[in-house]
Amino acid sequence: MPPVTLQAPSKLTSGVIAPPPAFHIMLKPRGAICNLDCHYCYFLSKESMYPGSQFRMDEALLEEYTKQYIAGQRVPEVTFAWQGGEPTLMGLEFFQKSVEFQQKHKRPGMRVENALQTNGTLLDDDWCAFFKQNDFLIGLSMDGPPRLHDAYRVDKGGKPTWEKVMAAAHLLHKHGVRFNILTTVHAANAPHPVEVYRFLRDEVKTEFMQFIPIVERDNATGYQEGNDVKDRSVTAEQYGHFLIGIFEEWVRRDVGRVFVQIFDVALAAYSGNRPGLCIFEETCGSALAMEHNGDLFSCDHYVEPNYRLGNIQEIPLIEMVGSAGQRKFGTDKRDTLPQYCLDCEVKFVCNGGCPKDRILVTPDGEPGLNYLCAGYRAFFNHVRPYMNFMTNELNNRRAPANIMGYLAQQDKRLQELFNRTNRNDPCPCGSGRKFKQCHGRKK
Ligand code: SF4
Ligand code: SF4
């Protein structure tokens, strides 16, 4: 990939509109530098955008960023989000300093949160004690049990990393650090939804999970270009099947006990609220990314020259966030939706998904359909009756978790019917198939 020189602010910043009352920036103090070499990582290639750089945010810039980021928020809380590459490669002192700057610059009464995404391999007692003391929320990347995790998550020598990540999970538990698991869904683990879910729930013992689909573009630049994806990517059908598989287990035994991000999104939307996650919101543009040298980009998935808004040492952060170009980046998500999405029965929750994945053409030939459409559509339709039940519980000030008791009764009743059904009868589940080709197959 040719090196790219990033000097002039892009035309995205021309014209300032109004900044949103709150915005979110993923900060990459070590840029794309990482101690692992996960095959599907979309960020490692960004190293080539800064030839000769040390990839290390200095203290003066850290303080400047802290000041501007806090000043830009017109709400009483602010979250500092640390990402990479691998942010822990900055060393503990950097984060101690950052907490110091946050305390120095926060407004009276303001709540400051920190969220750090890590591969976990460098965590030790000192790190975890620091996280606990400063109430960091940790996102730990783990793709399932060893053979599924190590399929792609390897170190620079190609060696497996599962053991170190598992050790990190134990350390986080030991110190009582709040953490969630970020699992990417790809060709290796997608066929095993229930195994992955049970592993995270029962072995890692996490209560918070995110399942992020890998849609990896197949091109030479590493940018969001071209319409081909690599074989490691999950297919849309696999992703839908994966989510449904986990949902079926969750909705029968873990509601209110285990929190899966996309299930929360679905419940929010089905109960008449905003989905709450940028990819499923109507518009986006309030979740940006900043590189180690102060360069600001429209989004973590668009750290590339055409989406560079400028550098916070040259242009005030708030001006770039509120610029006309950045607002347009966000509203384009809504304004470029194909008619196929506008007519879709689950548009209210899907909203066409993330623009970075809109590489398909609709059946009637319009570009801009999401690569994951078939999966999203299957999942959001599948959960409708369950979401409607839980919404009704919420509206009547009852716990959504009541659905588990209801389903247990339903399942029991169905089982009784199965026991009385002959092989060639229609299946009592309502599938329209013969019993022997449906639930009677085992019998
Ligand atoms: S481009 Fe995608 S990931 Fe980025 S802010 Fe928009 S919806 Fe979110
Ligand atoms: S499910 Fe497919 S058609 Fe429906 S809004 Fe999402 S991407 Fe568009």
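The structure contained in this document is the topic of the report that follows.

Scoring rules and cut-offs
Residues numbered from 1 in each chain as written. Chains lettered and ligands numbered in written order. Predicted model: local features only at pLDDT ≥ 70, side-chain atom pairs only at ≥ 80, totals over all residues. Helix = DSSP H or I, 4+ residues; strand = E, 2+ residues; numbered from the N terminus. Rg over C-alpha atoms; globule rule 2.2 N^0.38 Å. Buried ≥ 20, exposed ≤ 12 C-beta atoms within 10 Å, placed from the backbone. Contact = placed C-beta atoms within 7 Å. Near = placed C-beta within 6 Å. Nonpolar A, V, L, I, M, F, W, Y, C, P; charged D, E, K, R; others polar. Pairing = 2+ DSSP bridges. Axes fitted to C-alpha atoms, helices over the stretch in contact; angles between N-to-C directions. Right-handed = clockwise from strand over helix to strand, strands pointing away. Parallel < 35°, antiparallel > 145°, perpendicular 65-115°, else oblique. Left-handed = near helix turned anticlockwise from the far one by under 90°. Core = buried A, V, L, I, M, F, W, Y, C linked by C-beta atoms within 7 Å.

1. Topic: the overall build of the protein chain
Next, step 1: When its secondary structure is counted, the protein chain shows 15 helices and twelve strands.
Next, step 2: Taking 443 residues into account, the globule formula puts the C-alpha radius of gyration at 22 Å, and the protein chain, at 23 Å, falls close to it.
Next, step 3: Overall, the protein chain is about 75 × 55 × 50 Å in size when its C-alpha atoms are taken along their principal axes.
Next, step 4: Per-residue burial over the protein chain gives 41% buried out of 443 residues.
Next, step 5: The long-range share in the protein chain, meaning contacts at least 24 apart out of those at least 6 apart in sequence, stands at 69%.

2. Let's talk about the site of ligand 1
Next, step 1: Ligand 1 sits among Cys278, Ile279, Cys284, Ala287, Cys299, His301, Lys333, Cys354, Pro355 and Lys356.
Next, step 2: Among the residues forming the shell around ligand 1, the class breakdown is seven nonpolar, one polar and two charged.

3. Observations regarding the sheet that holds strand S3 (residues 111–118)
Next, step 1: Pairing within the open sheet is mixed, and its ten strands lie in the order S7-S6-S5-S4-S3-S2-S1-S8-S9-S10. Each edge of the sheet is formed by a strand with only one pairing partner; in this case those strands are strand S7 (259–260) and strand S10 (308–311).
Next, step 2: As judged from the four bridges shared by strand S1 (residues 24–27) and strand S8 (residues 287–290), these two strands associate in the parallel manner. Considered in S8, the bridge of Met26 is made with Ala289.
Next, step 3: Against the sheet, helix H7 (residues 236–253) contacts strand S5 (178–185), strand S6 (208–213) and S7, and its axis sits at roughly 165 degrees relative to S6.

4. Thoughts on the environment of Gly120
Next, step 1: Structurally, Gly120 can be placed in the loop between S3 and helix H3 (125–133).
Next, step 2: The class of Gly120 is buried, set by 25 C-beta atoms lying within 10 Å.
Next, step 3: Between the C-alpha atom of Gly120 and that of Ser141, which follows or precedes it by 21 residues, the distance is 7.3 Å.

5. What to know about the site of ligand 2
Next, step 1: Every residue close to ligand 2 is listed here: Tyr340, Cys341, Cys344, Val346, Lys347, Cys350, Gly352, Gly353, Asn370, Cys373, Tyr376 and Arg377.
Next, step 2: Elements with a minimum of two residues in the shell around ligand 2: helix H11 (339–342), helix H12 (347–350) and helix H13 (373–382).
Next, step 3: Considering every element that reaches the shell around ligand 2, the biggest residue donor is H13, with three residues.
Next, step 4: Each residue belonging to the shell around ligand 2 can be placed in one class, and the counts come to seven nonpolar, three polar and two charged.

6. Overview of the pairing of S5
Each regular strand shows side chains that alternate between the opposite faces of the sheet.
Next, step 1: Bridge analysis of strand S4 (residues 137–141) against S5 gives five bridges, and the strand direction is parallel. The partner of Leu137 across the bridge, within S5, is Arg178.
Next, step 2: Judged from the five bridges that link them, S5 and S6 form a sheet pairing that is parallel. Among the inter-strand pairings, Ile181 is bridged to a residue of S6, identified as Met209.
Next, step 3: Taken together, S5, helix H6 (residues 193–204) and S6 constitute a β-α-β crossover, and its handedness is right-handed.

7. What about the packing of H7 against H13?
Next, step 1: The contact between H7 and H13 brings their axes to 6 Å, and the two run at 25 degrees. Regarding the angle of H7 to H13, the classification is roughly parallel. Our pair here, H7 against H13, has a crossing hand that is right-handed. Note on element contacts: H13 touches H7 through Cys373, Ala374, Gly375, Ala378, Phe379 and His382, opposite Ala236, Glu237, Tyr239, Gly240, Leu243 and Ile244.
Next, step 2: A breakdown of the residues in the contact of H7 with H13 according to their chemical character gives eight nonpolar, three polar and one charged.

8. Looking at the nonpolar core
Next, step 1: Of all hydrophobic cores here, the largest spans 101 residues; its most connected members are Ile25, Leu140, Ala266, Leu288 and Val349.
Next, step 2: For this core, the element with the most residues is H7, which contributes eight residues.
Next, step 3: Among all residues touching Leu288, those that are not within four sequence positions of it are Phe23, Ile25, Leu296, Phe297, Ser298, Cys299 and Val321.

9. Considering unusual backbone geometry
Next, step 1: Note that the residue after Gly84, namely Gly85, is joined by a cis bond; omega there is 10 degrees.
Next, step 2: As for its position among the elements, Gly85 is in the loop between strand S2 (77–82) and helix H2 (92–105).
Next, step 3: In this structure, Phe55 is a non-glycine residue whose phi angle is positive, near 55 degrees.
Next, step 4: For Phe55, a count of 19 C-beta atoms within 10 Å puts it in the partly exposed group.
Next, step 5: Located in the positive-phi region is Asn351, a residue other than glycine, with phi close to 55 degrees.
Next, step 6: Within the element layout of this structure, Asn351 appears in the loop between H12 and strand S11 (360–361).
Next, step 7: By the C-beta count within 10 Å, which is 25 here, Asn351 ends up buried.

10. Here we look at the packing of H6 against H7
Next, step 1: Remark: H6 packs on H7, axes separated minimally by 8 Å, with the N-to-C direction vectors making an angle of 50 degrees. Considering their axes alone, H6 and H7 lie oblique with respect to each other. Classified by chirality, the crossing of H7 by H6 is right-handed. Residues Pro193, Val194 and Tyr197 of H6 form the contact with H7, whose own contacting residues are Phe242, Gly245, Ile246 and Glu249.
Next, step 2: Looking at side-chain class alone, the contact of H6 with H7 contains five nonpolar, one polar and one charged residues.

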